[in-house]
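If you want the building blocks of each chain, they are given just below.
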Amino acid sequence: MINYNRFTLDNGLRILVHEDSSTTLAAMNILYDVGSRDEDPEATGMAHLFEHLMFGGTALIPKFDKHLLIAGGENNAFTNTDITNYYITLPSENFETAFWLESDRMNLLDFSQRNLDVQKSVVIEEFNQRYLNQPYGDAMLILRPLAYKVHPYRWPAIGMNTGHISNVTLDRVKDFFFTNYAPNNAILTLTGNIRTDKAVSMAKKWFGQIEKRNVKKRKLPAEPVQTEARRLEVERDVPVDALYKVWHTGPRTGKDFYTLDLITDILAGGESGRLNTKLVRQKKLFSEINAYITSDIDPGLLILHGKLMKGVDIQHAEEAVTGVVDELKTKYPSAPEMEKVKNKFESSYVFANTSILNKAINLSFYELIGNTGLINDEVEHYRKITRDMVIEAAGRYFESCNCSTLYYRTAGAIK
Amino acid sequence: MTGKHPAKPQVVPVSPGKIPEAVSARLDNGIPVYMIEAGTEDVMRIDFTFDAGQAMENIPLLSSTVNMMLTEGSENYTSSKLNRILDFHGAFYSQYSEKDRAGIVIFFMSRHTGKILELAREMLFMPVFPETEFRALMKKRLHWYFVNRDKVANLAMDEFYESIFGKDHPYGRQVVHNDFNNLDTGLLKDFHSWFYSPDKLAIIISGKIHKDTVSLLNRYFGSFRPQGGRTPDKRAGLRQSDVRKVSIEKKGAVQTAIRIGSPSISKLHPDYPGVKVVDVILGGYFNSRLMRNIREEKGLTYGIHSIITSLILSGFKFISTEVSKKSTQNAIDEIYKEIEILQRVPVEREELEIVRNYMLGEMVRMFDGPFALAESFRSVWDFGLDNSYYYRLAGKIKSIEPDEITALAKTYYRIDDLYQVTAG
């Protein structure tokens, strides 16, 4: 049982505190309710670029890192389609330094053209390193716009292309800050070797004075229901062919989320997952294959991808995948198989929550999606899934008209 | 902000304090067991670590293949049954074959200790190396190899190891396509019987340790006897190349991977803690000189890092980064420039203060929680050291002076000693 307390400051900042005295450290997580889905389609990559700028200092504290390091702290951040998330861990006796630093940059950043220029170029190198200069690195850049025609999930958090990143102006940066970075658009979670009353009074002291801001109301276009199978074939200089298939799913808080997650565990959880057993080990069609769901807040995707063994025909490989997937629509998984994936979920949950940082990040996210209690109940949601629910969900989601398929082929393969 | 900004909080000096010691025991056949009790959840981590790393192999891929085959079938379990049971119990495992050691780490809920140990015995001491699984694994590995060799970072790294340790030593030897055809199950069985032997094994356990763990370990592992092993001349072939600069061309690459470094002293050397401080200043943390210069001032890269690592027979340090092709020379020049400054100009007090606190903060994290504790334990135990190494390191971090840093940089970062590899 993970105990936590919840508070809200007058300026709208939501605060969660969880005490864990088994560590000497404390963790602070700040989640801002802004991600790449909130970007202008003509200026994508902004939320992530902005995350980089957040480390550029303020007028009051020009060197963010320096002070954190002197306090023995460590920090980082990530941006995804839905959120921008910052976190710090440090020895708990220096916890107040984290409040000082995070409240200061929530209050006002130092927007310098120089910092913007440098970080644009860093992010472009990140784009190159992670997406363009890796074999198969651009697959999701291709798949997203195939699966999404309207919703902003059609571009990844890094941005649609490097051109969007280089075009960002200082004015847009400022505007982005004031419409998204605000106490009333953030969740502050404090975990570790701390006392709740002390943590709350520090939060009041440091964040309490930041004024509420006018946060832009989110109004995103819903993705229309896909009505026909989509297919695309690309050719790249890669050593072997790869197959990608994605299906639309429901929202994170929708009733099928856990069932679909469990389905991907049946398919690809651990060495004994069905895809690995049947298609890698028995039929030897793939050298590796995986399946998972995105935990996107808006309707997301179930993603399946595998790399083919040389000489295997990609259509044949796809048929075999479809065979494994379709079996879920008609045949009950065995009781031990259901039990296995549920046990595995439970144990990964227990392991994840051995870390105060993971607990802080998870609490923040659950608070954002309106159900903080999930930090303790999530295992129960999996335990409740029945075999009928699996068959029903598989039948509804694994339809070819709900699927986008990408053949990612080695150069020269397409005739 | 409406009111006055409160005053900057006081900062207390950080220190790792007292490090929890492992409790040691021996099984009936002498296998050492180290136990670190920590954490709040009923979970355990167990590391079966053997002196069976790449240093022991006379043919490329042998150590790693034996290690990967441990879960491919044993006397009483097929691979799929083994994995099904492990998954059913919610266990996670990772197999590793490093330059020096090889083994399996298993994470599991403490209540399953008995079952997990029974399966671990099957994997570690009773594997049968079935022919079909072996062939399938080699075919898969060849595919992974093709994909890995398509990444400039791997091309540069492999070449770097060859430069500093030589093409005739397992530390440096690069795997080539044909190596995948040179193994057979007989070789695997021999390697296994020589090196996955009770006299080459240590067991490191951490977490909320099940009370019967030692007696269960004795039941499953306490009666195996060493078969009479082999002691290869591990140093044979270990020599650095005469060629200091290598450049690998990769058609169509957007970025170039750079590796610059050299063989180095290991943890056993008295200068090592001081060199670690030098390494951190240069490129070992986010605020390092290389990061500030090459990323935060020039924006040439997403990241640039330096690291120093110990091996049983040697050690090495290197700087690594990926930059756009046109910036390659610029980045290389700046790397050498930063090294040269470190050798010439004493570090300012403020920077040294930051580095000290960062490193001490890292040490606190290294001993936080059962899993971190186990890793920190092994990384000194491997070298026959104990926690006194960490106390020495903490002492050096607190006491090192700028002139010592300059002197260490001159001794250990001589530009003429460095190897430079680029791929892109």
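Residues numbered from 1 in each chain as written. Chains lettered and ligands numbered in written order. Predicted model: local features only at pLDDT ≥ 70, side-chain atom pairs only at ≥ 80, totals over all residues.

Side note on the overall build of chain A
Regarding its fold elements, chain A presents 15 helices and 11 strands. Relative to the globule expectation of 22 Å for 415 residues, the C-alpha radius of gyration of chain A, 23 Å, shows essentially globular dimensions. For chain A, the share of sequence-separated contacts (at least 6 apart) that also reach a separation of at least 24 residues comes to 80%. (Helix = DSSP H or I, 4+ residues; strand = E, 2+ residues; numbered from the N terminus. Rg over C-alpha atoms; globule rule 2.2 N^0.38 Å. Contact = placed C-beta atoms within 7 Å.)

So, the domain arrangement of chain B
All names here are of chain B. Examined at the domain level, chain B breaks down into domain 1 (23-221) and domain 2 (245-423). Of note, the centres of domain 1 and domain 2, computed from C-alpha atoms alone, are 29 Å apart. Taken together, the contact between domain 1 and domain 2 spans 24 residues of the former and 31 residues of the latter. If you list the elements that add at least two residues to the side of domain 1 that touches domain 2, you get strand S2 (32-37), strand S3 (43-50), helix H5 (152-165) and strand S6 (201-207). Ranked by the residues each element gives to the side of domain 1 that touches domain 2, the list is headed by H5, at nine residues. Taken together, the residues of the side of domain 1 that touches domain 2 sort by class into 13 nonpolar, five polar and six charged. (Domains from an automatic or database assignment. Nonpolar A, V, L, I, M, F, W, Y, C, P; charged D, E, K, R; others polar.)

Topic: unusual backbone geometry
Residues and elements named next belong to chain A. One non-glycine residue with positive phi stands out, namely lysine 284, at about 55°. With respect to the helices and strands, the residue lysine 284 is situated in the loop between helix H10 (274-282) and strand S9 (286-293). Accessibility expressed as a C-beta count within 10 Å gives 14 for lysine 284, which makes it partly exposed. (Buried ≥ 20, exposed ≤ 12 C-beta atoms within 10 Å, placed from the backbone.)

Some details on the nonpolar core
Membership of the largest hydrophobic core comes to 180 residues, with the highest contact counts inside it found for Ala186 and Leu188 of chain A together with Ala156, Ile203, Val277, Val278 and Ile281 of chain B. The element contributing the most residues to this core is H5 of chain B, with eight residues. Ranked by size, the runner-up nonpolar core spans 50 residues in total, among them Tyr258, Ile293, Phe398 and Leu406 of chain A. (Core = buried A, V, L, I, M, F, W, Y, C linked by C-beta atoms within 7 Å.)

Considerations on the interface of chain B and chain A
Taken together, the contact pairs 59 residues of chain B with 63 residues of chain A. Counting residues per element, the ones that place at least two in the side of chain B that touches chain A are helix H2 (79-88), strand S5 (102-109), helix H4 (131-148), helix H9 (289-297), strand S9 (301-310), strand S10 (315-324) and helix H11 (349-366) of chain B. Considering every element that reaches the side of chain B that touches chain A, the biggest residue donor is H11 of chain B, with eight residues. Class assignment of the residues belonging to the side of chain B that touches chain A gives a composition of 25 nonpolar, 19 polar and 15 charged.

Describing the sheet that holds S5 of chain B
Residues and elements named next belong to chain B. Read from one edge of the open sheet, six strands run S1-S2-S6-S3-S5-S4, paired in mixed fashion. Two strands in the sheet have a free side with no partner beyond their single neighbour: strand S1 (23-26) and strand S4 (92-97). Between one strand axis and the next, the sheet turns by 15° as a mean value, whatever way the strands run. Across seven bridges, S3 lies against S6 in antiparallel orientation. For isoleucine 46, the partnering residue across the bridge sits in S6 and is isoleucine 205. In the packing of helix H3 (residues 113-125) onto the sheet, the strands contacted are S3 and S5, and the crossing angle to S5 comes to about 160°. In this fold helix H12 (residues 370-381) packs onto S2, S3 and S6, with an angle of close to 155° to the strand it touches most, S6. (Pairing = 2+ DSSP bridges. Axes fitted to C-alpha atoms, helices over the stretch in contact; angles between N-to-C directions.)

Focus: the sheet that holds strand S3 (residues 25-32) of chain A
Residue and element names in this part refer to chain A. Ordered in space as S1-S2-S6-S3-S5-S4, the six strands form an open sheet in which the pairing is mixed. Two strands lie at the open edges of the sheet, namely strand S1 (5-8) and strand S4 (74-79), each paired on one side alone. If you compare each strand with its neighbour and ignore which way they point, the axes differ by 15° on average. As defined by bridge partners, strand S2 (residues 14-19) adjoins strand S6 (residues 186-192) across six bridges and the pair is classed as parallel.

Some remarks on helix H6 (residues 185-195) of chain B
Residues and elements named next belong to chain B. Taken as a whole, H6 has its buried residues at Phe191, His192 and Phe195. Buried residues of H6, seen end-on, are gathered within an arc of 100° and therefore sit on one face of the element. Along its buried surface, H6 packs onto S3 and helix H1 (62-69). (Arc of directions from axis to C-beta.)

Some thoughts on H10 of chain A
For H10 of chain A, the set of buried residues is Arg274, Leu275, Asn276, Leu279, Val280 and Arg281 of chain A. Among the structural elements, helix H9 (257-268), S9 and helix H11 (314-330) of chain A together with H4 of chain B are those in contact with the buried residues of H10 of chain A. Of the residues trailing H10 of chain A, lysine 284 of chain A is marked for its positive phi of about 55°.

So, the domain arrangement of chain A
Residue and element names in this part refer to chain A. In terms of domain boundaries, chain A breaks down into domain 1 (5-207) and domain 2 (230-410). On the side of domain 2, 27 residues touch domain 1, which itself brings 31 residues to the contact. Contributions of two or more residues to the side of domain 1 that touches domain 2 are made by S2, S3, strand S5 (84-91), helix H5 (139-147) and S6. Per element, the largest residue contribution to the side of domain 1 that touches domain 2 is five residues, and it comes from H5. Its residues placed into classes, the side of domain 1 that touches domain 2 shows 15 nonpolar, 10 polar and six charged.

Quick word on the environment of aspartate 261 of chain A
Residues and elements named next belong to chain A. On the secondary structure map, aspartate 261 appears in helix H9. The exposure class assigned to aspartate 261 is buried, which follows from the 20 C-beta atoms found within 10 Å. In this structure the C-alpha to C-alpha distance between aspartate 261 and histidine 248, which are 13 residues apart in sequence, comes to 13 Å.

Some thoughts on the confidence of the model for chain B
On average, chain B scores 95 in pLDDT, and the residues at 70 or more come to 99%. Both scores are available for the predicted complex, with the pTM at 0.95 and the ipTM at 0.92. (pLDDT = per-residue confidence, 0-100.)

What to know about the pairing of S5 of chain A
All names here are of chain A. Taken across its eight residues, S5 has eight buried, putting it largely inside the fold. Taken together, the eight bridges between S3 and S5 define a ladder with antiparallel strand orientation. Bridging from a neighbouring strand, isoleucine 30 pairs with tyrosine 86 of S5. Pairing analysis gives six bridges linking S4 to S5, with the strands arranged antiparallel.

So, the environment of phenylalanine 367 of chain B
Residues and elements named next belong to chain B. Assignment of secondary structure puts phenylalanine 367 in the loop between H11 and H12. The exposure class of phenylalanine 367 is buried, given the 21 C-beta atoms found within 10 Å. With 351 residues separating them along the chain, phenylalanine 367 and proline 16 place their C-alpha atoms 7.8 Å apart.

Points about the pairing of S6 of chain B
All names here are of chain B. Counting buried residues along S6, six of its seven residues qualify, which places the element largely inside the surrounding structure. Where S2 and S6 come together, five bridges link them in parallel fashion. The residue bridging methionine 35 from the neighbouring strand is isoleucine 205, located in S6.

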